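Below are the chains, spelled out letter by letter.
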Amino acid sequence: MNWDDTTDADAAERLVGASADREDQAVEAALRPKDLGEFIGQEKVREQLDLVLRAARARGATADHVLLSGAPGLGKTTLSMIIAEEMGAPIRITSGPAIQHAGDLAAILSSLQEGEVLFLDEIHRMSRPAEEMLYMAMEDFRVDVIVGKGPGATAIPLELPPFTLVGATTRAGLLPPPLRDRFGFTAHMEFYEPTELERVVHRSANLLEVEIDPAGAAEIAGRSRGTPRIANRLLRRVRDYAQVKADGLITRDIAAAALAVYEVDERGLDRLDRAVLEALLKLFGGGPVGLSTLAVAVGEERETVEEVAEPFLVREGLLARTPRGRVATPAAWAHLGLTPPRSQAAGNGQQDLFGA
């Protein structure tokens, strides 16, 4: 079983999961900004990318290959489409898991037009033979097509038109150095600040023709886990609630009431996140506890807890990973309104030398 696929599916089912389902993809297509001027957030990346693209246009050349890394939902696909738009070039979209053989990649590369942008999502999941073919294609705009089998096999060089590869990955550490080194520009996408997400919510509400006041937008942004995709998804669910339960205007109270129905609390934690914290605090006294034991306690797969729930809890400072197991922080006790045991209060899960 491919656990990447499992955890992606689990995340997509959650309202605060960063993976995109079909509904998200359809809505994102309508909400997606068309150029760098419309793109909200990621200011350093936008500034650097703007210089790269403007310089390429001034030279009349194709842009350098671009690698975008970061968590799902931060705008990597959107930026790839903006790159194509800014360069006045068509874009071809595929993904690493779809390229299982070198021949799959050769077929795509050989059909590219000059200057075309090839967007390769989840590039770290591409097969090794295809990856090795990509080295030569990126550097020399050439691939060797193998004809025949065994001792009689012959490599026929195939020249490619200049193109721009935009690779996206959620796990940059899994990319081999030879592949990373062939990208002329590398950018890491950061999580968004609440003020940036408020601008995202206002823009999306305008495009969706939803009435929302500043306090309502701030409430949604504060529960969006620093991710525009989640902000847009929460906005749609709050819109539904406002249309059914109110007059259609999204205020702070309406947003809070709607998200309470969907079990998304004021810090963006959902049912799974709170279940992990409650098990850690109430059943195991704040830890340390092993991951497998914690997963059994919440009735989830080990990989689901580790890959879906834990990253956000760690980032929020509610849970810590230690060599002895998972440990709750003082912030976790405070968030759930519980009082930590004396050992937790004194040393964050570490017993005092004198047993105090």
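We now turn to the structure provided with this report.

The rules we used
Residues numbered from 1 in each chain as written. Predicted model: local features only at pLDDT ≥ 70, side-chain atom pairs only at ≥ 80, totals over all residues. Heavy atoms only, no water. Helix = DSSP H or I, 4+ residues; strand = E, 2+ residues; numbered from the N terminus. Buried < 20%, exposed > 50% of the residue type's maximum accessible area, 1.4 Å probe, protein only. Salt bridge = Lys/Arg side-chain N within 4 Å of Asp/Glu carboxyl O. Pairing = 2+ DSSP bridges. Phe/Tyr/Trp six-rings, centres within 6.5 Å; stacked < 30°, edge-to-face > 60°. Contact = heavy atoms within 4.5 Å. Axes fitted to C-alpha atoms, helices over the stretch in contact; angles between N-to-C directions. Parallel < 35°, antiparallel > 145°, perpendicular 65-115°, else oblique. Nonpolar A, V, L, I, M, F, W, Y, C, P; charged D, E, K, R; others polar. Left-handed = near helix turned anticlockwise from the far one by under 90°. Polar contact = N/O pair within 3.5 Å; in protein donor to acceptor, adjacent residues only side chain to side chain.

What follows deals with the environment of Gln48. Within the secondary structure layout, Gln48 lies in helix 3 (residues 43-59). We classify Gln48 as partly exposed; its relative accessible area is 37%. Taking C-alpha positions, Gln48 is 9.8 Å from Thr186, a pair spaced 138 residues apart along the chain.

Further remarks concern the pattern of salt bridges. Throughout the structure, instances matching the rule amount to 18 salt bridges. Its salt-bridge partner being Arg252, residue Glu219 comes within 3.0 Å of it at the nearest N-O pair. Taken together, the residues Glu219 in helix 9 (residues 214-222) and Arg252 in helix 11 (residues 252-261) connect sequence positions 33 residues apart. Three or more residues joined by partner-sharing salt bridges are found here, namely Glu219, Arg223 and Arg252.

So, about the pairing of strand 1 (residues 66-69). Along any regular strand, the residues point their side chains to alternate faces of the sheet. On strand 1, burial covers both faces: Val66 and Leu68 on one face and Leu67 and Ser69 on the other are all buried. Across four bridges, strand 1 lies against strand 6 (residues 164-169) in parallel orientation. Looking at the pairing, Ser69 lines up with Thr169 of strand 6. Here strand 1 pairs with strand 7 (residues 185-188) via four bridges, running parallel. Across the sheet, the residue bridging to Leu68 is Ala187, located in strand 7.

Okay, the packing of aromatic side chains next. Per the stated rule, a full pass over the model turns up one aromatic pair. Taken together, a centroid distance of 5.5 Å and an interplanar angle of 80° make the contact between Phe141 and Phe163 edge-to-face. With Phe141 in the loop between helix 6 (128-140) and strand 4 (142-147) and Phe163 in the loop between strand 5 (154-159) and strand 6, this residue pair connects regions lying 22 residues apart in the sequence. Note on Phe141: relative accessible area 22%, which makes it partly exposed.

Let us look at helix 9. All buried positions along helix 9 are accounted for by Gly216, Ala217, Glu219, Ile220 and Ala221. Buried positions along helix 9 lie against helix 8 (194-207), helix 10 (228-245) and helix 11.

Moving on to the packing of helix 9 against helix 11. One way to put it is that helix 9 packs onto helix 11 with a least axis distance of 7 Å and a crossing angle of 30°. Taken together, the axes of helix 9 and helix 11 lie roughly parallel to each other. Residues Ala215, Gly216, Ala218, Glu219 and Ile220 of helix 9 form the contact with helix 11, whose own contacting residues are Arg252, Ala255 and Ala256. Considering only residue class, the contact of helix 9 with helix 11 consists of five nonpolar, one polar and two charged.

Let us look at the packing of helix 8 against helix 10. Running from N to C, helix 8 and helix 10 cross one another at 45°; their axes reach a closest spacing of 10 Å. When the axes of helix 8 and helix 10 are compared, the pair comes out oblique. Helix 8 and helix 10 meet at a crossing whose hand is right-handed. The segment helix 8 lies against helix 10, with Leu197, Val200, Val201, Ser204 and Ala205 engaging Pro228, Ala231, Asn232 and Leu235. Tallied by class, the residues present in the contact of helix 8 with helix 10 amount to seven nonpolar, two polar and no charged.

Bringing the side chain of Arg274 into the picture now. Here Arg274 lies in helix 12 (residues 271-283). Under the relative-accessibility criterion, Arg274 is labelled buried at 17%. A distance of 3.2 Å separates a polar side-chain atom of Arg274 from the backbone oxygen of Glu263. Those residues in contact with Arg274 that sit more than four places away from it in its chain are Glu263, Asp265 and Leu269.

Here Ala295 is to be found in helix 13 (residues 291-298). Using a relative accessible area of 2% as the deciding quantity, one classes Ala295 as buried. In this structure Ala295 touches Glu300, Glu301, Arg302 and Val305, once residues within four positions along its chain are discounted.

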